[in-house]
Amino acid sequence: MSIRIADHVRDIPRSGIRDFFEIVQTMDDVISLGIGEPDFATPWHIREAAIYALEKGRTGYTSNLGLPRLRRSISDYVRKKFGLRYDPLAEILVSVGVSEAIDLALRALLNPGDEVLYHEPCYVSYAPSITLARGVPRAIETKAEDGFSLRADALEKAITPRTKVLMLNFPTNPTGATMTAAQWEEIAAICVRHDVVVLTDEIYSELTFEGGTHSTIATCPGMQERTVFLHGLSKAFAMTGWRIGYACAPAPLIEAMMKIHQYAILCAPIMGQDAAIEALERGDESVASMRREYERRRNFITRALNDMGLECLKPKGSFYVFPKITSTGLTSREFSMQLLQEHKVAVVPGTAFGPSGEGHVRCSFATGLDQIKVAMERMAVFVGGLR
Ligand code: PLP
């Protein structure tokens, strides 16, 4: 008997990052600038709160929507940091990372054939998640000359009568792009005019540099009622392994998402939820100190890349830089493969983030400065040898 996989699953490619890192894992002494996760362990006070909760025997299921206390913490956090008000009883769902929340929102919203727009280069999961939810992914290319921001005219052009959702992620993985409040006003007006629902993935919002304030589309006039605000603790609080994210949205949509979550997952793990309460209520200083370190690394790596002739915007947020490598004459995959095999530095080919990532590679600075310095020395030798 041959097992026949569903067509829409069979046709999805595996993540380009995963394939690449399977090669990395077979090699010794590689410096990896490829990882999209903090090199810090979760701050001690957060781990300690989780240990204490475990000691008290808190090991069971929680409410499907998440611990009520955590939902109150999320509501307070989102009000203080973003100026958004959500009812913790009906408008917040705690998920297994932002990853699950994206899937829930798409599955709750899409009928087969509905189109979902997203700006590209983008996080690797967006197009496959749309396909898995039976939607049709439609990329809008963003460009280095616009700082990889989403242009209103490009959005307007991409909208069709089948467009239902726009997915956003600023600061952006992999480009580090951010958007200003004025740019959001323009995008929001288009979404309202065309009745588009917005999914905004705010996972890097705490990691904006130079004291820059993060601005979200959810606060624009007419937007909160058509926005799914997605956030999580993985990046800013260095909590990737705890698997806690959350979605804030109008109650009927949270109810629909909850039905999928209830049958597929039941609830996010209680240990992560207990840790998240401590993080959101008392984690500001820990986040600020990690952000200062990321900023120091960002300043170093951006300068080093530009000095070796790889044009590179200084990212305003996230922990990624996205230098242009076209001057080397190599494709982004050739560049990454040769750099890995000849100089043992791992970066991610820009095409892992969609075809419009060609001509770039992603370097993460969620790695210690010592390692970044050695990686930049090796990369300069590699690039110098190509000229
Ligand atoms: N969204 C973006 C833009 C990401 O870069 C990532 C992880 O790299 C995620 C979501 C996944 O986050 P989580 O760990 O909360 O599932």
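Residues numbered from 1 in each chain as written. Predicted model: local features only at pLDDT ≥ 70, side-chain atom pairs only at ≥ 80, totals over all residues. Heavy atoms only, no water.

A. Geometry of the pattern of salt bridges. Under the criterion given, the structure shown has 23 salt bridges. Here D11 makes a salt bridge to R10, at a shortest N to O gap of 3.1 Å. Both residues of the pair, D11 and R10, count as exposed. Residue K164 pairs with D114 through a salt bridge whose shortest N-O separation is 3.7 Å. Within this pair, whereas K164 is found in strand β5 (residues 163–168), its partner D114 is found in the loop between α5 (97–109) and β3 (115–120), the two being separated by 50 residues in sequence. Among the residues examined, K164 registers a relative accessible area of 26% and is labelled partly exposed. Residue classification places D114 among the buried residues on the basis of a relative accessible area of 8%. (Salt bridge = Lys/Arg side-chain N within 4 Å of Asp/Glu carboxyl O. Buried < 20%, exposed > 50% of the residue type's maximum accessible area, 1.4 Å probe, protein only. Helix = DSSP H or I, 4+ residues; strand = E, 2+ residues; numbered from the N terminus.)

B. View of a nonpolar patch on the surface. Judged by side-chain polarity, I3, I5, V9 and L132 come together as a nonpolar surface patch covering roughly 380 Å² of accessible area. Topologically, I3 is positioned in the segment before α1 (7–10). Looking at I3, the relative accessible area reads 69%, which means it is exposed. (Patch = residues over 30% accessible without salt bridge, like charges linked within 9 Å, V, L, I, M, F, W, Y side chains within 5 Å. Areas by Shrake-Rupley, 256 points an atom, 1.4 Å probe, with all protein chains shown as cover.)

C. Spatial organisation of the sheet that holds strand β12 (residues 361–364). Taken in spatial order, the 3 strands make up an open sheet running β9-β12-β11, and their pairing is antiparallel. The open sheet terminates on both sides in strands that have one partner only, identified here as β9 (320–321) and β11 (348–349). For β11 and β12, the ladder comprises 2 bridges, and the chain directions are antiparallel. Looking at β12, one finds that P349 is bridged to V361. (Pairing = 2+ DSSP bridges.)

D. Highlighting the sheet that holds strand β8 (residues 245–248). Spatial ordering of the open sheet is given by β2-β8-β7-β6-β5-β3-β4, a layout of 7 strands whose pairing is mixed. Unpaired on one side and paired on the other, β2 (92–95) and β4 (136–141) mark the two borders of the sheet. The mean angle between the axes of side-by-side strands here comes to 20°, regardless of whether they run parallel or antiparallel. Sheet topology places strand β6 (residues 197–201) next to strand β7 (residues 227–232); 4 bridges connect them, and they run parallel. (Axes fitted to C-alpha atoms, helices over the stretch in contact; angles between N-to-C directions.)

E. Structural view of the state of the cysteines. Going through the model one piece at a time under the given rule, you end up with 0 disulfides. Of all cysteine sulfurs, the one in C191 lies closest to C220, which takes part in no disulfide; the gap is 9.3 Å. C220 sits in the buried class, given a relative accessible area of 6%. Between C363, a free cysteine, and C312, which holds the nearest cysteine sulfur, the sulfur-to-sulfur gap is 7.4 Å. (Disulfide = S-S within 2.5 Å.)

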